[in-house]
Amino acid sequence: MNNQNKNTGIATRSLGVIELDGASGEGGGQILRTGLALAMCTRQPVRFSRIRAGRAKPGLMRQHLACVQAAAAVSGAQVEGAELGSQTLVFTPGDVRAGEYRFDVGSAGSCTLVLQTVLPALMSAAGESQITLTGGTHNPMAPPFHFLQRCFAPLLARLGVGLELALVRHGFYPAGGGRFTARIVPAARLVPVDVLTRGERLDAFAECLTPGIPGRVAAQELAVLAERLGWPRDKLLHGDARQDEGPGNALMATLAHTGVTELFTAFGEKGRPAEQVAGELVREVRAYIASEGALGEHLTDQWMLPLALAVQASGQPAAFTCTELSLHARTQIETVSAFLPVRFAAEQLHRAWHVTVSPA
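Keep in mind that what you see is a predicted model, and the values were worked out from it rather than measured. (Residues numbered from 1 in each chain as written. Predicted model: local features only at pLDDT ≥ 70, side-chain atom pairs only at ≥ 80, totals over all residues. Heavy atoms only, no water.)

Novice: Before we go on, may I ask you to explain the pairing of strand β15 (residues 318-322) in this structure?
Specialist: Here is the key point about a regular strand: its side chains alternate between the two faces of the sheet. Along β15, five of the five residues are buried, which leaves the element largely enclosed by surrounding structure. Here β15 shows no split at all, with Ala-318, Phe-320 and Cys-322 on one side and Ala-319 and Thr-321 on the other all buried. Pairing between β15 and strand β17 (residues 353-359): five bridges, direction antiparallel. Within β17, the position partnered with Ala-318 by the bridge is Val-357. (Buried < 20%, exposed > 50% of the residue type's maximum accessible area, 1.4 Å probe, protein only. Helix = DSSP H or I, 4+ residues; strand = E, 2+ residues; numbered from the N terminus. Pairing = 2+ DSSP bridges.)

Okay, here's the thing in structure tokens:
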């Protein structure tokens, strides 16, 4: 696979405006968030059409509208079409402003995705920023707070970016109400790094968050992990979520290595057996262990954008390995390539993918 910075299939350019087709690739909110982030980073106006056309309820939902509003606040953008259900949006960014911000999704929608929308622009801003985000912190289809804190933030630090995260309150679907803070310290100079191996494994442990539901659920899920993964009891933990932060059920497994930390999450829901929840997590952990890729599926998606910005800023290539190149990842490659003069080249090896990002 070799992607040049030309017509990607997702994007076209018309009269100085990048046009992104939200029905292309994975057809979800990722195209919107990445497009907003890179529009701010590059000062290029962008027009979105057929937003989230691949979803059962297309158009802007509350959490996507929160992303648009947050991006507009950070960059002083002019926006057309920012309303619930809209499938067309025009976003014309101004100057990115560091500062103190508060963003509330207003539902159980993911506030971690709101942070990921504004983070790329703020990590190269003229000063530090402090953000308070309210909404869902542990949601299906979005990176949970602990993933950003343990996996994503340490990788950003290797680029020179400081991201300090503090959880104030857990928030689960459908209640929401979670809150966390993020302190962003921009890089003096973005420096690309290779992430080719995981390194030695330092720790492996699981946590079960079950606020507002019977404690036996956590015991059952952790017992399945003990049996199938062979992890000792002292590595199977009841999480610290308070009872009034639920109801919710998130089962997380963390694998910490010298080079990278990965976190996998399975979510429980009413009527879903504990063994099924734990079984899903076991499959993900075993698949990662069996692969030789440094980054798992979701960390791959999220690493591409900041790494591409570092490659562009430095003029130096970088590479990483990953367990798979999902449709989300391929969509991310095409969207990033629409804005930045970088080239992605991916090669499938026996037990991993090798991806290189180079100046175009």
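Novice: Explain the UniProt feature "active site" (unreviewed entry) in the protein chain here, please?
Specialist: The sites that UniProt annotates as "active site" (unreviewed entry) are His-328. If you trace the backbone, His-328 turns up in helix α8 (residues 327-339). Once you skip the residues sitting within four places of it in the chain, His-328 turns out to touch Glu-26, Gln-30, Arg-55 and Asp-301. Looking at His-328, its side chain comes within polar contact range of the side chain of Glu-26, at 3.3 Å. (UniProt positions renumbered as here; feature names shortened; annotations may be inferred. Contact = heavy atoms within 4.5 Å. Polar contact = N/O pair within 3.5 Å; in protein donor to acceptor, adjacent residues only side chain to side chain.)

Novice: Teacher, can you tell me more about helix α1 (residues 30-42) here?
Specialist: One turn of the α-helix equals 3.6 residues, which is why residues spaced by three or four share an orientation. Here α1 contains 13 residues, and its C-alpha end-to-end distance of 18 Å stays within 8% of the 18 Å for a straight helix at 1.5 Å per residue. Of all 13 residues that make up α1, 11 are buried, and the element is covered over most of its length. Of the residues trailing α1, Arg-43 is marked for its positive phi of about 60°. (Expected span 1.5 Å × (residues − 1).)

Novice: I keep staring at the environment of Arg-198 and nothing clicks. Help me out?
Specialist: Relative to the helices and strands, Arg-198 resides in the loop between β10 (178-185) and β11 (201-209). Taking the C-alpha atoms as reference, Arg-198 lies 4.7 Å from Ala-294; in sequence the two are 96 residues apart. Here the side chain of Arg-198 touches Gly-293 through a polar contact of 2.7 Å, landing on its backbone oxygen.

Novice: Can you walk me through the packing of aromatic side chains in this structure?
Specialist: Aromatic rings in a pair are described by how distant their centres are and how their planes are angled relative to each other. Evaluated as defined, the whole model comprises three aromatic pairs. Taking the ring centre of Tyr-288 as reference, the NZ or CZ of Arg-198 above it sits at 3.6 Å. (Phe/Tyr/Trp six-rings, centres within 6.5 Å; stacked < 30°, edge-to-face > 60°. Lys NZ or Arg CZ within 6 Å of the ring centre and 35° of its normal.)

Novice: Help me out: how do you make sense of the environment of Ser-14 in this one?
Specialist: Within the secondary structure, Ser-14 sits in strand β2 (residues 11-14). Look at Ser-14 and you get partly exposed, because its relative accessible area is 32%. Expressed as a C-alpha distance, the spacing of Ser-14 and Leu-133, which sit 119 residues apart in the sequence, is 35 Å.

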